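Structural description and commentary
Listed here are the chains, written in short residue letters.
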Amino acid sequence: MVSAIGAVVLKEIVVEFRNRSLLYTLLLFTVVVVLILAFALMEKTIAPELFVAFCWIVLFFLAIQSGARSFAAEYERETVVLLHTLVSGYAVFWGKVVYQVGMVTFLMSIAAALLLLVFDVPIASMTGFWLTLGVSSVLMGAMVPIFSALIARSQMKGALLPVLAFPVFVPLMRLGIEGMLDAVLKQWHVQTLILMGAYAGIVITLAAMLFDYVWRE
Amino acid sequence: MKAILIGLGVVGGIIVGLVPAVHRPRPRWWMALCVGGMGLTIALGLLPPLSGTFRDAVITWRQVNPELYVPVAGTLDWDAAVAIGDTLVVPMTDRAIPPTTAQVLIPSALSVPKDASVVILAVQRWKNDQQFVMRGIVAADPILALPFIPGLEERARNLFFHVPLSWVAVIAYAYALWYAVLFLRRRRFIDDVHSVSAVSIGTLFALLATVTGSIWAKFNWGSFWNWDPRETSIFLLLLIYAAYFALRQSIEEPQRRAQIAAVYAIVAFVTVPFLVFIMPRLMEGLHPGSASDQTAGPILSTQPGVLHPLKQIVFALSMFSFSLLFFWLLSLRVRSGILALRHKIQQVQEMSEIR
Amino acid sequence: MEAFLIRYSIYVVFLIVFVIWIGIAGWLWRLERRLVELEQWARRHEGNRP
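Residues numbered from 1 in each chain as written. Chains lettered and ligands numbered in written order. Predicted model: local features only at pLDDT ≥ 70, side-chain atom pairs only at ≥ 80, totals over all residues. Heavy atoms only, no water.

Moving on, we get to the overall build of chain C. Assigned secondary structure in chain C consists of 1 helix and 0 strands. For chain C, whose C-alpha radius of gyration is 22 Å, the value lies well above the compact-globule estimate of 10 Å for 50 residues. Seen through its principal axes, chain C has C-alpha atoms that stretch 75 × 10 × 5 Å. The 50 residues of chain C split such that 18% are buried. If you sum the accessible surface of chain C, you get close to 3,900 Å²; carbon and sulfur atoms cover 67% of it. Of the side-chain charges in chain C, 7 are positive and 5 negative, and the distance between the mean point of each set is 6 Å. (Helix = DSSP H or I, 4+ residues; strand = E, 2+ residues; numbered from the N terminus. Rg over C-alpha atoms; globule rule 2.2 N^0.38 Å. Buried < 20%, exposed > 50% of the residue type's maximum accessible area, 1.4 Å probe, protein only. Areas by Shrake-Rupley, 256 points an atom, 1.4 Å probe, with all protein chains shown as cover. Lys, Arg positive; Asp, Glu negative; His and termini not counted. Charge placed at Lys NZ, Arg CZ, Asp CG, Glu CD.)

A few words now on the overall build of chain A. Helices and strands together make up the secondary structure of chain A, namely 9 helices and 0 strands. For 217 residues, the compact-globule formula gives about 17 Å, and the C-alpha radius of gyration of chain A, at 18 Å, lands near that figure. Oriented by its inertia axes, the alpha-carbon framework of chain A measures out at about 55 × 35 × 30 Å. Put simply, chain A has 217 residues, and 53% of those count as buried.

Attention shifts here to the pattern of salt bridges. Residue and element names in this part refer to chain A. For the structure on display, the rule yields 16 salt bridges over all chains. When the shortest N-O distance is used, the salt bridge between Glu74 and Lys11 registers 2.5 Å. Taken together, the positions of Glu74 in helix H4 (residues 72-77) and Lys11 in helix H1 (residues 2-19) put the pair 63 residues apart, joining distant regions of the chain. Owing to a relative accessible area of 23%, Lys11 belongs among the partly exposed residues under this scheme. Glu178 is the partner of Arg174 in a salt bridge, and the nearest nitrogen-oxygen pair spans 3.6 Å. A residue pair is termed a helical-turn pair when its members lie 3 or 4 positions apart in one helix, as Arg174 and Glu178 do in helix H8 (residues 157-185) at 4 residues. Note on Arg174: relative accessible area 36%, which makes it partly exposed. For Glu178, a relative accessible area of 40% gives the class partly exposed. Here the salt bridges share partners, and the residues they tie into one network are Lys11, Glu12, Glu74, Arg77 and Lys96. (Salt bridge = Lys/Arg side-chain N within 4 Å of Asp/Glu carboxyl O.)

On to the interface of chain C and chain B, then. Note on interface size: it is often stated as the accessible area lost on association of the parts. Contact with chain C, which involves 26 residues of that partner, is made by 36 residues of chain B. Between chain C and chain B lies a buried interface of about 2,800 Å² when both sides are counted; carbon and sulfur atoms form 69% of it. Three residues, Trp21(C), Trp29(C) and Glu32(C), lead the burial of chain C against chain B; their summed loss comes to 24% of the area buried on that side. Here chain C and chain B share 2 salt bridges between them. Measuring nitrogen to oxygen at the nearest pair gives 3.0 Å for the salt bridge that ties Arg335(B) to Glu32(C). Our count for the contact surface shared by chain C and chain B stands at 5 residue pairs in polar contact (both at pLDDT 80 or more). In terms of residue class, the side of chain C that touches chain B is made up of 17 nonpolar, 1 polar and 8 charged. (Contact = heavy atoms within 4.5 Å. Buried area = accessible area lost by both parts, 1.4 Å probe. Polar contact = N/O pair within 3.5 Å; in protein donor to acceptor, adjacent residues only side chain to side chain. Nonpolar A, V, L, I, M, F, W, Y, C, P; charged D, E, K, R; others polar.)

As a further point, take the packing of helix H4 (residues 159-186) of chain B against helix H7 (residues 254-269) of chain B. The relative placement of two packed helices is expressed as an angle between their axes plus a distance between the axes. Residue and element names in this part refer to chain B. For the pair H4 and H7, the least separation of the axes is 9 Å and the interaxial angle reads 135°. With respect to H7, the axis of H4 lies oblique. Considering the relative orientation of H4 and H7, their crossing is left-handed. Note on element contacts: H7 touches H4 through Ala258, Gln259, Ala262, Val263, Ala265, Ile266 and Phe269, opposite Tyr173, Ala174, Leu177, Ala180, Val181, Phe183 and Leu184. (Axes fitted to C-alpha atoms, helices over the stretch in contact; angles between N-to-C directions. Parallel < 35°, antiparallel > 145°, perpendicular 65-115°, else oblique. Left-handed = near helix turned anticlockwise from the far one by under 90°.)

The next thing to look at is the pairing of strand S7 (residues 131-140) of chain B. All names here are of chain B. Burial analysis of S7 places 8 of its 10 residues in the buried class, the great majority of the element. Inspection of the sheet shows strand S5 (residues 101-107) paired to S7 by 3 bridges, in the parallel sense. Note that in S7 the partner of Gln103 across the bridge is Gln131. Where strand S6 (residues 119-125) lies against S7, 7 bridges are found, and the strand directions are antiparallel. Across the sheet, Ile120 pairs through a bridge with Ala139, a residue of S7. Counting the residues in the hairpin turn of S6 and S7 gives 5 residues. (Pairing = 2+ DSSP bridges.)

A separate point is helix H2 (residues 21-40) of chain A. Between its first and last C-alpha, H2(A) extends 28 Å over 20 residues, near the 28 Å set by a 1.5 Å rise per residue. Residues of H2(A) that are buried in the fold lie against H1, helix H3 (48-67) and helix H6 (89-118) of chain A. (Expected span 1.5 Å × (residues − 1).)

This part is about the packing of aromatic side chains. Residue and element names in this part refer to chain A. The final tally for this structure, using the stated rule, is 31 aromatic pairs over all chains. With a centroid separation of 6.0 Å and an interplanar angle of 40°, the aromatic rings of Phe54 and Phe119 are classed as tilted. Remark: Phe119 occurs in the loop between H6 and helix H7 (126-151) and Phe54 occurs in helix H3; sequence separation between them is 65 residues. Summarising the aromatic geometry, the rings of Phe93 and Trp94 are spaced 5.2 Å apart at their centres and angled 80° between planes, so their arrangement reads as edge-to-face. (Phe/Tyr/Trp six-rings, centres within 6.5 Å; stacked < 30°, edge-to-face > 60°.)

Okay, the interface of chain A and chain B next. Taken together, the contacts link 27 residues of chain A with 26 residues of chain B. A buried area of about 2,400 Å², summed over both sides, lies between chain A and chain B, and 76% of it is on carbon and sulfur atoms. The interface formed by chain A and chain B contains 0 salt bridges. For the interface between chain A and chain B, the tally reads 3 residue pairs in polar contact (both at pLDDT 80 or more). Looking at the side of chain A that touches chain B, the elements that each hand over two or more residues are H7, H8 and helix H9 (190-215) of chain A. A breakdown of the residues in the side of chain A that touches chain B according to their chemical character gives 21 nonpolar, 2 polar and 4 charged.

Residues and elements named next belong to chain B. In terms of strand pairing, strand S4 (residues 87-94) meets S5 through 7 bridges, oriented antiparallel. Opposite Met92, over in S5, you have Ala102 as the bridge partner. Counting the residues that bridge the hairpin from S4 to S5 gives 6 residues.

Another point: the environment of Val10(B). Residues and elements named next belong to chain B. Among the structural elements, Val10 can be located in helix H1 (residues 2-18). You can call Val10 buried: its relative accessible area is 17%. A C-alpha to C-alpha distance of 9.4 Å links Val10 and Ser321, two positions 311 residues apart in sequence. Leave out the neighbours within four places in its chain, and Val10 touches Trp167 and Met319.

Below, the structure is given as structure tokens:
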């Protein structure tokens, strides 16, 4: 089982590194966002609340964009048949989740480091900030694959993904933004992270249970 | 008592709603029950006059708006009436517990029936807390009366329409979830028809709850939309189910559309308990029952005296009638959906016969 | 005029809401009858097929 999941993850990485189009697009997106913010707010200290908002805007769009073509591409390349015959739906789902989590966390840590470099924001609890950011990226990344599987065969895929995912993300984002604000302004709390984990846990478990219905014809 | 009444309204509405199965025609008695129940809800919710006390009038004058007229119910003591100029000063005992007696100044232009034992007068506080001036008569010997709540006044009647609408919307979404699960297990298109019909009727109810709520909010909180936690959550709920329809629209193949939609309905429903039951109670907000409120709100609070007995009865009746209305609309939608499905199947069969 | 409003405005509101509800109920009632007819027709139509 684990090896099947590992194989899917490896396949995702190899496919990505063959052309690196998604990686470059997302890196460019991150850099552009940070640059635009830097140009607009040059020489100005920004409020910590604004900094948290920037982090979450970048995180939301990173998570959505990284998952937008994940399944649709499989159908276009007609690699679905291979996946169907070689591995179980379970392995595909968890493989995609692991890959997505890695991708979002990696890109988000770059984005956060850039934002921190550009805006010299005083942060009350560095550990709390990075911990909240890490947990948020992991959970956001893990929640995306089920939605990208849902839209894979629909028309207007790109437009539909944020529409479908956003309302389900909102409770997580609400908690995450609150937790990050606490970390930046005063003190971070474990409870927020646990609550986030519980909510995302339910969604991801349900997604894993239902994935086969989306995946198998 | 309250829990039993309201429970009866909710559970009774669901049971009677499901008694002739949703895909069967509604019997005549059933439709009459729905029409009559709703008519009675409207009558009992809107017709009884409000009846307050002198204390309510003082509170309204002090804290809400000194210009407002407050309906005060009580008994006038005509024997002790004194005429000063062209106004009549009559002592009146209100129906508070314990009752208070105050002077009511009745201008000669206004007449009050002397044979009525209880009258409800629209009054305003006058020179001091013991003197009130009459502005009009609301009712004489009313059969039923609803309590006057300072700050809410007539707007409190919205409880009978706004709250059941949103509760029924949640019932509708739960029904849709149940049939989405059934569809995934049994793969019968009829289950999908049930699910999508419940979502569309539920969204209609949620929209009506939003509209009644926001009109009410304009007059009570000052603006149509305040981003109160409950407003945020119904907004997200509407967003989720709008996305549900967008998803359905974008998939052509029927089997796949039903399957994908069922999965989304299940995943999206996870947010409903969080948005409806948890978030609005944990956060500070304007709605009753939020974190800044001492009670759990008028309906769910277990404290005695939070909701007037007549209001409990009307609320239970309203829940019952709105549930029946939902199941009626649902039945119409499901049955026409099934007819359309059968028509399509037949077309396909005829096509294959021609070949 | 004001005294009249205090006494009767709620009856006007009631009347409007009640008439709207009777309209909706009548429409639903008619819809129900027509759907029943349609269902019977569909059943007969299907029954005639070989």
